[in-house]
Amino acid sequence: MLQKVLIANRGEIALRVICACKDLGIRTVAIYSEADRYSLHVRFADEAVCIGPAKSALSYLNIPSVISAAEITNVDAIHPGYGFLSENSDFAEVCQASGIKFIGPKPEVTRMMGLKQIAREKMKEHGVPILPGSDGILQNAEHALEVAASIGYPVILKASAGGGGRGMRIVRAPEDLPNLFAQAQQEAENAFSNGDIYCEKFIERPRHIEFQILADEHGNVEVLGERECSVQRRHQKLIEEAPSAAVTPELRKKTAAALKKAFSAIGYTNAGTVEFLMDPSGSLYFIEVNARIQVEHPVTEFVTGVDLVKAQLRIARGEKLSDILKGPVKITGHALECRINAENPVTFAPSPGRIQALSVPGGIGVRVDTAVYNDGIIPPYYDSLVAKLITYGHDRAEAIVRMQRALDMFIIEGIHTSIPLHQQIMADEEFRAAAIDTHFIQRFLERRAKSAE
Ligand code: MV4
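These numbers were taken from a predicted model, which means no experiment stands behind them.

A. Structural view of the overall build of the protein. Scanning the protein from terminus to terminus reveals 16 helices and 20 strands. Taken against the 2.2 N^0.38 rule, which gives 22 Å for 453 residues, the C-alpha radius of gyration of the protein at 22 Å falls within 12% of a compact globule. Overall, the C-alpha framework of the protein stretches about 60 × 60 × 45 Å when taken along its three principal axes. Counting only residues that meet the buried cut, the protein has 58% of its 453 residues in that class. If you take every contact in the protein between residues at least 6 apart in sequence, the share linking residues at least 24 apart comes to 65%. Surface summary for the protein: the accessible area is close to 18800 Å², and the carbon and sulfur share equals 50%. One way to put it: in the protein the 50 positive side-chain charges average out to a point 3 Å from where the 56 negative ones average out.

Now the structure itself:
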């Protein structure tokens, strides 16, 4: 049923999808922008179609161009990867209308998950814990003041169409609320053409923990444990791990059971991630759903042994989860991922350019997902991810020591990368003690600046 798949993406994730297709005997079509003519996803796909200029808006985000490429090459399905069109429900609908299978949830489910206060309502309805907050959207600042007074300050205002940190405002006192409400509304209107705002109790220094879901098209849902994603800077994750040191087996089991019920009830299909915040008492609260495969999926693959992208393809061709997973999912050992970005490790300024020397680490427990090669170019038009370095060990300490060894043996010359930053974090006592939360990076950078004085 799936004989040929178009990959609507670039870089390491395009290669990752090509690998899964090859493992299943599925032929592949790459699409590429003029900046990506010499990219490895073009080389390793069976066919490749140029879809436009370097700028994403004119190529990887251009729905008519992507659909034309799919029609010309007569593919059965499109895998969107992450970013770009992966959570665009209009795109998924156009695919469906063109007789092309979109590898992801149904358009109406993706649309619902994209409206954060609706996703929140649905989770509450089906027994997944949420934070105290508004029921639906806030009509105006007066309404927001009433809700905030009833749940207590601080509160956070969030854009319904937002996510990933855009359009949020923290409100610490009622006198600040009217201005912050107007700002949030304006920012949301500008960014998403949707000014709807809802609010929640604000959790100070939470951990950011997400659960991996797989759901087939026969009503079966499985939860493949969680990832700890607290090490992030400006809403960009730097390090992820599985499992989280803060999730007990009981909490994992309880959360998975609630998610199984909720995701069956909403008719969710394919892969998805459910984001939670953990408060200092160790309780988890739902915040949002990411209706796509994520950058950090390899840490879950290491600890479960499940090929998540292959599972996405098999689900899309109608197979049952019981045939894909073959028995209960078990979490074994520990995995870490360091995102290696083309950026200055001190200032975080982007550092695109030509790679002038490359040597990639390996050995037991080491995986590198990348699309770079020696003499290749990191273009300035897209995100700065150069490689994902993933390590596995029997426990967290072994995953860390393997990460240190792999970072030391990773040579990338010609551009600046975050490798030195990751080396410093791996040696940091707080990180080594898993004493991490969303403010870890801030504390780490302050410590680093002080020790450099
Ligand atoms: C929050 C929060 C605290 N309390 N919601 C950030 C991205 C988006 N996925 C949700 N985010 C947050 N939502 C409540 N009720 C903290 C974050 C958050 C965060 C906020 C400010 C600065 C950095 C942050 C990093 C991760 C999460």
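B. Looking closely at the sheet that holds strand 7 (residues 169–171). Taking strand neighbours across the sheet as the criterion, the 3 strands line up as 7-6-8 in an open arrangement whose pairing is antiparallel. Because the sheet does not close on itself, it has two edges, and the strands there are strand 7 and strand 8 (197–201). When strand polarity is set aside, the average angle formed by the axes of neighbouring strands in this sheet is 30°. Relative to strand 8, strand 6 (residues 155–159) runs antiparallel, the two being bridged by 5 bridges. Paired with Leu-157 across the strands is Cys-199, a residue of strand 8. Sheet contacts for helix 7 (residues 141–151): strand 6 and strand 8; angle to strand 8, the most-contacted strand, approximately 15°. The strands touched by helix 8 (residues 177–192) within the sheet are strand 6, strand 7 and strand 8, with strand 7 carrying the most contacts at an inclination of about 165°.

C. Representation of helix 11 (residues 308–316) in the model. A large share of helix 11 lies buried, amounting to 8 of its 9 residues. Of all the residues in helix 11, the buried ones are Leu-308, Val-309, Ala-311, Gln-312, Leu-313, Arg-314, Ile-315 and Ala-316. Note on helix 11: the residue one or two positions beyond its end, Gly-318, has a positive phi of about 95°.

D. Here's a closer look at the nonpolar core. Residues Leu-2, Val-5, Ile-103, Leu-214 and Leu-313 are the most contacted members of the largest nonpolar core, which totals 35 residues. Secondary-structure elements contributing two or more residues to this core are strand 1 (4–7), helix 1 (11–23), helix 11 and helix 12 (321–325). The dominant element in this core, judged by the number of residues it contributes, is helix 1, at 7 residues. Viewed by domain, this core spans two of them, domain 1 (4–103) and domain 3 (207–452), each represented by three or more residues.

E. Highlighting the site of the ligand. Every one of the 17 residues lining the ligand counts as a neighbour, but Lys-158, Glu-200, Lys-201, Ile-203 and Glu-275 are closest to it. Take Ile-203: an N or O atom from its main chain is 3.0 Å from a nitrogen atom of the ligand. Contact distances for the ligand include 3.3 Å between a nitrogen atom and a side-chain N or O atom of Glu-288. In the complex, the protein chains occlude 88% of the 530 Å² of accessible area that the ligand would expose alone. Split into classes, the residues belonging to the shell around the ligand amount to 7 nonpolar, 5 polar and 5 charged. Taken domain by domain, the makeup of the shell around the ligand includes at least three residues from each of domain 2 (132–201) and domain 3 (207–452).

F. Expanded view of the packing of helix 4 (residues 89–97) against helix 5 (residues 107–114). Taken N-terminus to C-terminus, the directions of helix 4 and helix 5 make an angle of 175°; their axes are 8 Å apart at the nearest point. The pairing of helix 4 with helix 5 is recorded here as roughly antiparallel in orientation. Facing Ser-89, Asp-90, Ala-92, Glu-93 and Gln-96 of helix 4, the residues of helix 5 in contact are Pro-107, Thr-110 and Arg-111. Of the residues that constitute the contact of helix 4 with helix 5, the class distribution is 2 nonpolar, 3 polar and 3 charged.

G. Layout of the side chain of Arg-339. Considering the arrangement of structural elements, one finds Arg-339 in strand 14 (residues 334–341). On the accessibility criterion, Arg-339 (9% relative accessible area) is buried. Other than its neighbours up to four places away in sequence, Arg-339 contacts Lys-237, Leu-238, Glu-240, Val-295, Glu-296, Leu-385, Ala-387, Ser-418 and His-422.

H. View of the packing of aromatic side chains. As enumerated under the stated definition, the model contains 10 aromatic pairs in all. Centre to centre, the rings of Phe-276 and Phe-286 are 6.4 Å apart; their planes meet at 85°, and the pair counts as edge-to-face. Placement of Phe-276 in strand 12 (residues 270–278) and of Phe-286 in strand 13 (residues 284–290) is noted, with a sequence separation of 10 residues between them. When sorted by exposure, Phe-276 lands in the same class as Phe-286, which is buried.

I. Seen up close, the environment of Thr-417. Mapped onto the elements, Thr-417 comes out in the loop between strand 20 (411–413) and helix 14 (419–426). Residue Thr-417 is classed as buried on the basis of its relative accessible area of 7%. A sequence separation of 67 residues divides Thr-417 from Pro-350, and the C-alpha atoms of the two residues are 9.0 Å apart. Reaching out from Thr-417, the side chain makes a polar contact with the backbone nitrogen of Ile-419 at a distance of 3.2 Å.

About the thresholds
Residues numbered from 1 in each chain as written. Predicted model: local features only at pLDDT ≥ 70, side-chain atom pairs only at ≥ 80, totals over all residues. Heavy atoms only, no water. Helix = DSSP H or I, 4+ residues; strand = E, 2+ residues; numbered from the N terminus. Rg over C-alpha atoms; globule rule 2.2 N^0.38 Å. Buried < 20%, exposed > 50% of the residue type's maximum accessible area, 1.4 Å probe, protein only. Contact = heavy atoms within 4.5 Å. Areas by Shrake-Rupley, 256 points an atom, 1.4 Å probe, with all protein chains shown as cover. Lys, Arg positive; Asp, Glu negative; His and termini not counted. Charge placed at Lys NZ, Arg CZ, Asp CG, Glu CD. Pairing = 2+ DSSP bridges. Axes fitted to C-alpha atoms, helices over the stretch in contact; angles between N-to-C directions. Core = buried A, V, L, I, M, F, W, Y, C linked by side-chain atoms within 4.5 Å. Domains from an automatic or database assignment. Near = heavy atom within 4 Å. Polar contact = N/O pair within 3.5 Å; in protein donor to acceptor, adjacent residues only side chain to side chain. Nonpolar A, V, L, I, M, F, W, Y, C, P; charged D, E, K, R; others polar. Parallel < 35°, antiparallel > 145°, perpendicular 65-115°, else oblique. Phe/Tyr/Trp six-rings, centres within 6.5 Å; stacked < 30°, edge-to-face > 60°.

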